[in-house]
Amino acid sequence: MIWFGGDWNPEQWPSSVWLSDVELMRRAHVNLVTVGVFSWSRLQPTPEKFEFGWLDEVLDLLRDNGIGACLATPTASPPPWFTDGLPVTADGVALTYGSRDTYCVNAPAYLEASSRIASALASRYADHPAVRMWHVHNEYGTTCYCEHCAVAFRGWLFRAYGDPEALNAAWGTDFWSQRYASFAEVRPPRKTQYLSNPAHVLDYRRFVSDAMLDHYVRQREIVRPSGKPVTTNFALGGWVPVDHARWSREVDVVAVDDYPTSVAGHLDDRAFVADLARGWANSAGPPNSAGPRASADAYAGAGPDGMAGVAGGRPWMVMEHAPGAVLEQGVVRALAEGEAMAAAQAYVERGAVGVMYFQWRASRSGAEQWHPAVVPHEGPDTPVFHEIAAVGAAIVGRMPESPADTRALLYDEQTMWAWQSPHLPTNQIDYEATCRRWHRALGSPVDVLPVDAPLDGYRMVAAPLLHLMSAATHAALRSYVRAGGTLVLTFASALTDEHCRVTPQALDDLLGVRIVRRRPGDGHVWLDEVEPTTAKVQLRDPEDRPLVTEHSYGEGLVRFLATDLPDLDPWLTPAR
Amino acid sequence: MIWFGGDWNPEQWPSSVWLSDVELMRRAHVNLVTVGVFSWSRLQPTPEKFEFGWLDEVLDLLRDNGIGACLATPTASPPPWFTDGLPVTADGVALTYGSRDTYCVNAPAYLEASSRIASALASRYADHPAVRMWHVHNEYGTTCYCEHCAVAFRGWLFRAYGDPEALNAAWGTDFWSQRYASFAEVRPPRKTQYLSNPAHVLDYRRFVSDAMLDHYVRQREIVRPSGKPVTTNFALGGWVPVDHARWSREVDVVAVDDYPTSVAGHLDDRAFVADLARGWANSAGPPNSAGPRASADAYAGAGPDGMAGVAGGRPWMVMEHAPGAVLEQGVVRALAEGEAMAAAQAYVERGAVGVMYFQWRASRSGAEQWHPAVVPHEGPDTPVFHEIAAVGAAIVGRMPESPADTRALLYDEQTMWAWQSPHLPTNQIDYEATCRRWHRALGSPVDVLPVDAPLDGYRMVAAPLLHLMSAATHAALRSYVRAGGTLVLTFASALTDEHCRVTPQALDDLLGVRIVRRRPGDGHVWLDEVEPTTAKVQLRDPEDRPLVTEHSYGEGLVRFLATDLPDLDPWLTPAR
Amino acid sequence: MIWFGGDWNPEQWPSSVWLSDVELMRRAHVNLVTVGVFSWSRLQPTPEKFEFGWLDEVLDLLRDNGIGACLATPTASPPPWFTDGLPVTADGVALTYGSRDTYCVNAPAYLEASSRIASALASRYADHPAVRMWHVHNEYGTTCYCEHCAVAFRGWLFRAYGDPEALNAAWGTDFWSQRYASFAEVRPPRKTQYLSNPAHVLDYRRFVSDAMLDHYVRQREIVRPSGKPVTTNFALGGWVPVDHARWSREVDVVAVDDYPTSVAGHLDDRAFVADLARGWANSAGPPNSAGPRASADAYAGAGPDGMAGVAGGRPWMVMEHAPGAVLEQGVVRALAEGEAMAAAQAYVERGAVGVMYFQWRASRSGAEQWHPAVVPHEGPDTPVFHEIAAVGAAIVGRMPESPADTRALLYDEQTMWAWQSPHLPTNQIDYEATCRRWHRALGSPVDVLPVDAPLDGYRMVAAPLLHLMSAATHAALRSYVRAGGTLVLTFASALTDEHCRVTPQALDDLLGVRIVRRRPGDGHVWLDEVEPTTAKVQLRDPEDRPLVTEHSYGEGLVRFLATDLPDLDPWLTPAR
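Basis of the calculations
- Residues numbered from 1 in each chain as written.
- Chains lettered and ligands numbered in written order.
- Predicted model: local features only at pLDDT ≥ 70, side-chain atom pairs only at ≥ 80, totals over all residues.
- Helix = DSSP H or I, 4+ residues; strand = E, 2+ residues; numbered from the N terminus.
- Contact = placed C-beta atoms within 7 Å.
- Domains from an automatic or database assignment.
- Least-squares fit on C-alpha atoms with pLDDT ≥ 70 in both.
- Nonpolar A, V, L, I, M, F, W, Y, C, P; charged D, E, K, R; others polar.
- Buried ≥ 20, exposed ≤ 12 C-beta atoms within 10 Å, placed from the backbone.
- Expected span 1.5 Å × (residues − 1).
- Axes fitted to C-alpha atoms, helices over the stretch in contact; angles between N-to-C directions.
- Parallel < 35°, antiparallel > 145°, perpendicular 65-115°, else oblique.

Participant: I'm lost on the environment of C:G512 in this one. Help?
Facilitator: With respect to the helices, strands and loops of the structure, C:G512 is situated in the loop between α16 (508-511) and β16 (513-520). The contacts of C:G512, once residues within four sequence positions are left out, are C:P532, C:T533, C:T534, C:A535, C:T549 and C:H551.

The structure is reproduced here in structure tokens:
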């Protein structure tokens, strides 16, 4: 059985609509709705006053109708009375409220306010039978540069580096005379006269990810005593400072929000995200048994019965996707009939234990009033509602599948961040688009894995554009090949270590070539000029320069694509 | 007789040039010049000191030459000594002086300073025979987000909504948890983390419009005792937070500044603006008799004799347009010979009582030194001066015409603002460009009217893209059709009410269809998918979807264009 | 003999690499390296502590290997402990450190800190035999708008104008009512509501240039007692607020950083910059004998022996250029084999006494880690190192040439700034690109001169788009033509005087035409409509409008190109 439903915001509607909604949910085979994401100002209208009566009613109504609740802590959208921990931009602009995400996770006032509302919810609803899952916060992603952040960042750096000299060495602060005499001198990478240090910027993203993860864990521990699984929904995109591979180890279900950006490619996009989420979930391993976290049993018990059948690792689900439409370059484009079904199936075939929409009923007001919804403004007697109800009928009884492939694609968000550094050798590389292209070329389902995932058992691992490679990654890839795997690497790999420090020749032994020049531009996106040493050249360009080499290494093979080839297919076959 | 002339800035020139200017004005048949718009720092060089001698001379010189003065209060361009009420951007940047428009109409210091200079002018020149009209301020349009504005905005909201719950309901603050417990919590829509609430943004524009209108009225009452007509010149454009339909009721002459943006389309552009200004003027009704405002008689007495002959409503005029050139995409392009004449005639044929240029003599210095002028830098023996003098000769003795048509086009600036909301169903709609296109298709002169204008007497009313429709607008349109009119509406109409709240099915009864899906994109800008109920389908697309329907409603007919048709002509005929 | 080498940043490397570097320098025929540019935080790790030991070692190593040092004061890149004189943007954003150029030359704290480190270096290394030249600061170019700048700007204006009325007249502050009652009212051109006054903006650039020049002179005088030549490296580009013609009179060697922006045009670009730098150097005249500046002898003694042979004016050199690559639209593109040699030869053929690269060894870290280097990340056994070593071998023994031509091209940076004013008659003019196009059309070497350079001896002088013309420039050009020269001018010349005040007819006597209309757009970039008076028309357009005129003036000839002609060649021949 599959979780099926979406975000329901009953606080936006009179209670008469609630009854109609629940009736429609039953018609659409909904078994789980996310409630409370944007309810903070209803639950706590002033700092001193809590009002739970309406939510009691909502949860009782769900219970009475056999619909589960994924109960959110509402902390991603503080009310207007919350003014003391608002975020500050890199330019120093103190942001105001009036939107969502107006908080700084490092501000003491925010930590206190968010814990307070989470605790109130946890103590009131821990045992409510409708509650099947906790949805902490929403799409963590606010990057702040305030003084609270500066203080916390210094602590993070101290813990990471221990003394300033290690920091100076990691960031290469001798360049442009930016050596720090103490951690106290370090600031967030606020607006400066010219380019920022890329290692500083990258560490700040890591710090923001960790600071938000701390906030998540703090809330998780608050709701944990209920014994229900806890998660948060992942926003995806180049702007998001969340290292999802790392976060996946702290959630009971990996939950992703998936918003493709083109009608033509939406199924490819969904397949990629699904394979990626499954990769995160599987790589995270079984739920951590230490501490008060939910055991796998507790989790299985809380979900639809099918959930217990998910083999290995953690389950994953789509927490949000748009019903029947795609936002493409500023236009909300309707999908053709059948596409919503295809989307849901794409998720389930790739192992999703839940397929949820944002949102159930279209809002009349607010910035997202035109966001697609299962019950559109025009009501249930509409193409969208009919199609989504049919999707529910078709998938809710299915079991999530456990696709397994012998090929894997590595996808590393820290590398994506590194590809966003200013002043790279070229601004023509789109890491994420390239990985999506490789994913399509590999065919699907294929496992999309973080760089620290176990690779044993895969006959082939492809890792395009792996700019950032730590010593651990270098070792893991060598070990994989030595044991007999086929590894496919490309130009512009291992440019730097985990601190964005250039690591020339770092791949030469593995590739069996000498890279003599990194060459972006010039008729291709990039060409690594190589001189083969122990590798064999499989393809050359008209000027006789090697474009593809193969190198036997241990029991395995390393294939190297020195440039962006129009046809990837010939190079995506395992050597054995 | 027509007002003819332009902005004259004698303070930029030695008095020897004044004599030459007046001589040239007579040659060009000029009978009215706007003086004083940018004179504040000459009239009041320091807060303590007034200097009127030079203006005395200027006005006497005009009087002696039979040229009228449209005397401006200089408050749109405060001097550098005015530092205490400067505007603040949405990002919190405190702007400096050094340009024009550096004021906040809600700052007490500005209210005091601007009233002081206006009073000094009013008391000195009320009876000067050269003064024919008062030109309060200039192109109101500065949007400020300072604390003074915050306080005033709260007062405005209190007067509009009475209690916070009404505000919460109007803005839909349940979305994203933005409920206000009191008006004191509301801020201007300053920069926030993500999207602002569209109703909040729209109300802020209305508030800014009203706050500026208050400032205008305050000055109007100061100069009113002179008995001369009072106006202010309207800047047009998507950025302007002025609801001109509403303002038109407070001016004695609707005065517009018209700056077309393409050489090829400049006459179409002027025709649209002229029809629009006439619509505002006519819809504003006769001057308000209550209070100390000028009576129609007083007004008629003050103008050229022809002014008394303008039938109905208020007169309108072009207060500024560029002589002989158009600024098109950053290039000041000269118009071909004859085009300046055609422009002036286009205005007069559409009822203008005045045709004025900005500016009379080109400035040597300053940010607008390259702005076209009647007397260009090269002097009067130039193509531009010759042509404008010929325009004066041709039009100054004409009577403004009173075009009347049986068709009207609705144009609503608040709807234009609503179309600028972030996160609409599509970013491909340009409301103003669409209305201009419809205006061309209708042929001209056609009355362009605000949504609250009386519609009786029109055989047909077209209202494209009327996103924002209040209950009053809904009622007015139904009433118009019931009484026998032909109404032409389009896709994307009545999306929301006046608070940007989605109003599904709100048009269904009037159109005789059921709108089942709003569908932007997909081979057209937008398609409303409809199921006819009582309407007849007049046009279908290849997939058999209705594109045009007609519905008999009361004595009249409603035609509905469900998508953007390349050819509008077949649908712009009154049913009877 | 030619200076050959580049920026060496040993502080980024362990001392083991230093030995290898010096060995490679010898292989590459390097005789001069710039050291210390980014060393401040190594030399003065805290405000209280200086550490010179490592630099002693570096300089001794250079001395022992016969390699000269161009010793930098490190003041362009303050360390993180320098927090009290950081720059502020026009928007009021207080910038942070973490990059380079984070200083305000008008901040007392910066003046003190930068003098202190410069003095420490001067006293320690004045007599070190490795030191051949002082490299003050690096690429002056930080524009700041802080209160320190406001105060200094007022002083600069007072010195320039004496009383506020002269300022008001120069800036035309009557426009938009911006008359200043005292200098105390003037602010930097910070962000304002609408357009800034162009004369204000232009004077601020001049002020910033002068303030930075004061800073340079202050440091020059600190290092001067060593008797070694002193210079600073010029950054070029539209954003740079440095009037290099003026600065050239204060440096002992004109030193430019040359970064072409296209692979296809890099040699043309280099030729232009070389001819320009030589023009600055020659026009600056012999080193100023007053004060403690280095005499020409002292300079000659300090350089390679070939330096003494440079005839007339000052020497010039390329202080930085990128080895073997060009940054083109965000992509670091490798140059083909042979192009690095061609680049170096282009400089030497145009008189360069030095050809230096940025940088010697590629940085592992920091924002410019991907900047091309002589020793790339991949090490010395690479195409780049081999080619640069060959360049050294080929050119280090040559003598700088003294090209002389009978034709000159005027290039005026203040005019470039004026062409960046907002709200010009057109936004389609690119002054610098036009001058580069004329430079190519003239063929090369040709002298590129500032507007105040002596013009006697040139048979032809071309001056395209000379927007800004002071009375002195007007006089100089007339005097040149009167004496028999051929002057080629274009449309859009003498639009304004040095205060951006429009000067209509200012050229009419010289051109022998009457300019009746400035006409941008309309099928060409710009056409000045002229009526010939005493000039002869040499070319007309199909509408019979004059496009090229020639006018005998004194003993010479003035050719006037009234529009942008596709073919310049026919008009670039001296009349005699």
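Participant: I'm lost on the domain arrangement of chain A in this one. Help?
Facilitator: Interfaces are often sized by the amount of accessible area the parts lose when they come together. Along its sequence, chain A is carved into domain 1 (3-135 + 225-395), domain 2 (149-185) and domain 3 (407-571). Using only C-alpha atoms to locate each centre, domain 2 of chain A and domain 3 of chain A end up separated by 31 Å.

Participant: What exactly am I supposed to notice about the relation of the copies chain A and chain C here?
Facilitator: In summary, the two copies of the chain are related to each other by a rotation about an axis coupled with a shift along it. Overlaying chain A on chain C yields an RMSD of 0.0 Å, the required transformation being a rotation through 120° with an accompanying axial translation of 0.0 Å. Both copies of the chain, as the preceding transformation shows, are related through a three-fold rotation axis. Closest approach to the rotation axis within chain A is made by the C-alpha atom of A:V93, at a distance of 5.0 Å.

Participant: Would you mind going over the interface of chain A and chain C with me for this structure?
Facilitator: Counting from both sides, the interface comprises 45 residues of chain A and, opposite them, 43 residues of chain C. Going through the elements one at a time, α7 (198-223) and β16 (513-520) of chain A are the ones with two or more residues in the side of chain A that touches chain C. With five residues, the top contributor of residues to the side of chain A that touches chain C is β16(A). Taken together, the residues of the side of chain A that touches chain C sort by class into 19 nonpolar, 15 polar and eleven charged.

Participant: Just to check I follow, could you spell out unusual backbone geometry for this structure?
Facilitator: Residues and elements named next belong to chain A. Here the amide bond leading from F358 into Q359 is cis, since omega sits at -10°, within 30 degrees of zero. Note on placement: Q359 falls in the loop between β11 (352-357) and α12 (383-395). Despite not being glycine, H137 shows a phi value in the positive range, around 55°. Within the secondary structure, H137 sits in the loop between β4 (131-135) and α5 (147-161). Its 25 C-beta neighbours within 10 Å are what place H137 among the buried residues.

Participant: Is there a simple way to think about helix α7 (residues 198-223) of chain B in this case?
Facilitator: Side chains three or four residues apart in an α-helix point the same way, a direct result of the helix having 3.6 residues per turn. The terminal C-alpha atoms of α7(B), which comprises 26 residues, lie 38 Å apart, in line with the 38 Å expected from a rise of 1.5 Å per residue. The buried fraction of α7(B) amounts to 21 of the 26 residues, a majority that puts the element mostly inside the structure.

Participant: Please explain the interface of chain A and chain B as it appears in this structure.
Facilitator: Contact with chain A, which involves 43 residues of that partner, is made by 45 residues of chain B. Broken down by element, the residue count for the side of chain A that touches chain B peaks at four residues, all from strand β10 (residues 331-334) of chain A. Residues that form the side of chain A that touches chain B fall into these classes: 18 nonpolar, 17 polar and eight charged.

Participant: Would you mind going over the packing of helix α5 (residues 147-161) of chain B against α7(B) with me for this structure?
Facilitator: Helices that pack against each other are described as a pair by the angle of their axes relative to one another and the distance between those axes. All names here are of chain B. Where α5 meets α7, the closest approach of the two axes is 10 Å, and the angle between their N-to-C directions is 100°. Between α5 and α7, the interaxial angle falls into the category roughly perpendicular. Facing A152, F153 and W156 of α5, the residues of α7 in contact are Y204, F207, D210 and A211. A class-by-class count of the residues in the contact of α5 with α7 yields six nonpolar, no polar and one charged.

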